[in-house]
Amino acid sequence: MTDKDAYVQKLHAKLDEWNAEIDKLKAKADKAEADSRAEYQKQVEYLRNRQEDAEKKLEEVRDASEGAWEDLKTGAQGAWDSMEAALKSARSKFS
């Protein structure tokens, strides 16, 4: 397995983990009282958007040549960091 393959595999696993976490937050949002539900649903939508951005960056890395993927790694890491921060913020709001 190349470094690129290992990196892509690691990021794909993280996306799966985030998806499960977002699903849990969505379930909480659906069960929340009406006054909180709208805000929780906005948070879930924001997370889904950040996740889509991360998925696009993963696709760019996956599709890049062996020589070019390292250059795209920085952009992918930025998307990952943004997603992690958004998820951390949402977790605190859902508590």
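Structure: above.
Scope of this entry: the structure provided in the associated data block. Treat the numbers as computed from the prediction; the structure is a model and nothing was measured.

## Thoughts on the side chain of glutamine 43
Part 1: Tracing the backbone shows glutamine 43 in helix α2 (residues 34-63).
Part 2: Leave out the neighbours within four places in its chain, and glutamine 43 touches Ala90, Lys93 and Phe94.

## Considerations on the pattern of salt bridges
Charged atoms that come close allow side chains of opposite charge to pair.
Part 1: Enumeration according to the criterion identifies 8 salt bridges in this entry.
Part 2: Linking glutamate 17 and lysine 14 is a salt bridge whose minimum nitrogen-to-oxygen distance equals 3.0 Å. Remark: lysine 14 and glutamate 17 occur in helix α1 (residues 3-31); sequence separation between them is 3 residues, near one turn of the helix.
Part 3: Owing to a relative accessible area of 42%, glutamate 17 belongs among the partly exposed residues under this scheme.
Part 4: Taking the shortest distance from any N to any O, the salt bridge between arginine 50 and aspartate 53 comes out at 2.4 Å. With arginine 50 and aspartate 53 both in helix α2 and 3 residues apart, this pair spans about one turn of that helix.
Part 5: Each of Lys14, Glu17 and Glu84 takes part in salt bridges that share partners, so that together they form one network.

## So, the nonpolar core
Looking at soluble globular proteins, one finds that nonpolar side chains tend to be buried together.
Part 1: Counting 25 residues, the largest nonpolar core has Trp18, Leu25, Leu47, Trp80 and Phe94 as the members making the most contacts within it.
Part 2: Of all elements in the fold, only α1, α2 and α3 (69-94) reach the threshold of two or more residues within this core.
Part 3: Here the element with the most residues in this core is α3; it accounts for 9 residues.

Cut-offs and rules
- All residue numbers here refer to positions counted from 1 along the written sequence of the relevant chain.
- Only residues with pLDDT of 70 or above have their local features reported here, since the model is predicted, and side-chain atom pairs are shown and tallied only from 80 upward, although totals for entire chains, interfaces and linings are computed over all residues.
- Think of the side-chain values as coming from all heavy atoms in the structure, minus any hydrogens and water.
- Segments assigned H or I by DSSP are reported as helices when at least four residues long, segments assigned E as strands when at least two residues long, and all are numbered from the N terminus.
- Any pair of residues with heavy atoms lying within 4.5 Å of one another is described as a contacting pair.
- Only one rule defines a salt bridge in this text: a Lys or Arg side-chain nitrogen within 4 Å of an Asp or Glu carboxyl oxygen.
- Relative accessibility decides the category of a residue: with a 1.4 Å probe and only protein chains considered, values under 20% of the type maximum give buried, values over 50% give exposed, and everything between is partly exposed.
- Residue types Ala, Val, Leu, Ile, Met, Phe, Trp, Tyr and Cys, when buried and joined through side-chain atoms within 4.5 Å, form a set referred to as a nonpolar core.

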